[in-house]
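# Descriptive structure summary
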Amino acid sequence: MEIIPLLVSMLLLMSSEPILTQAQVQLTGTNTATGTPGGMRFDREIGLQYSLKVVSDATNFIWQTFRQGAADRKPVNSVDLFIGDIDGVAYTSGNQIHVSARYIAAYGGDLRREITGILYHETTHVWQWDGKGQAPGWVIEGVADYIRLKAGLAPAHWRKAGEGNSWTDSYDITARFFDYCNGLKDGFVAELNGKMKDGYNDQLFADILGKPLKQLWSDYKAAPRS
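The paragraphs below set out a description of the structure included in this document.

Calculation rules
Residues numbered from 1 in each chain as written. Predicted model: local features only at pLDDT ≥ 70, side-chain atom pairs only at ≥ 80, totals over all residues. Heavy atoms only, no water. Helix = DSSP H or I, 4+ residues; strand = E, 2+ residues; numbered from the N terminus. Buried < 20%, exposed > 50% of the residue type's maximum accessible area, 1.4 Å probe, protein only. Pairing = 2+ DSSP bridges. Phe/Tyr/Trp six-rings, centres within 6.5 Å; stacked < 30°, edge-to-face > 60°. Lys NZ or Arg CZ within 6 Å of the ring centre and 35° of its normal.

## Observations regarding unusual backbone geometry
- Although it is not a glycine, R67 sits at a positive phi angle of roughly 55°.
- Unlike most non-glycine residues, S170 shows phi in positive territory, near 75°.
- The residue S170 is located in the loop between α5 (137-150) and α6 (171-184) in this model.
- Looking at S170, the relative accessible area reads 9%, which means it is buried.

Given below as structure tokens:
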């Protein structure tokens, strides 16, 4: 088992004012699947040092996108990354990010770009507010994929803007809907996340944008596409 501790100093540029807030977050990485094909491919093509740098960069990007100062963020002092012999793609529990070595072994595209995008998504789960457990999954996953989208890391297989049957389709569908909403009011996603520190209900969309979710989705579906 290899563990790499990395103490990073992170700078956050808040809003339009040149206010710098410094914070220290300890990042650690462990590859528990070193003897598996995926674990070996991870060490060969990606590595823990690169992955921890991505988590650090993602954290900065998330803080900026959420427009968070130190007092607004979740009180997380460390983030732990694990590459494990597990099913699925990845998941996050608390401040622990787990990535599947089996997925890494089977992936046929640009592996480094894919893992970078996955880490941006999963790092969002570490830092985002969840409405005190009340926010539905489509909101949580939609915000995480919105971060991945705005970081320029959307995979080619994602559905295009305007596709999907409902705002609750989650992941890429909801991420593109949130991108539309953010276009209606710059900082929408940041404001939505901030309000979810204290709870969640669908009325938040009307509170922020002046229209209920159903109307916003209808307008989104009808919006012209270039």
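## Topic: the pairing of strand β5 (residues 96-100)
- Most of β5 sits out of view: four of its five residues are buried.
- One ladder, built from five bridges, connects strand β3 (residues 78-84) with β5; its direction is parallel. Across the sheet, residue L81 finds its bridge partner in β5, namely I97.
- Two successive antiparallel strands, strand β4 (residues 90-93) and β5, enclose a turn made up of two residues, where G94 displays a positive phi of approximately 65°.

## Examining the packing of aromatic side chains
- Scanning the entire structure with this criterion turns up 14 aromatic pairs.
- With 5.6 Å between their ring centres and 40° between their planes, Y103 and Y107 make a pair best called tilted.
- On the basis of relative accessibility, which here comes to 23%, the residue Y107 falls in the partly exposed class.
- Taking the centre distance of 5.2 Å and the plane angle of 50° together, the rings of W217 and Y220 count as tilted. Of this pair, W217 and Y220 both sit in helix α9 (residues 213-222), three residues apart, roughly one helical turn.
- For W217, a relative accessible area of 8% corresponds to the buried category.
- An aromatic cluster is present here, built from W138, W167, F177, F178, Y180, F188, F205, W217 and Y220 joined pairwise through their rings.
- Geometry around W63 places R73 over its ring, the cationic atom sitting 3.7 Å from the centre.

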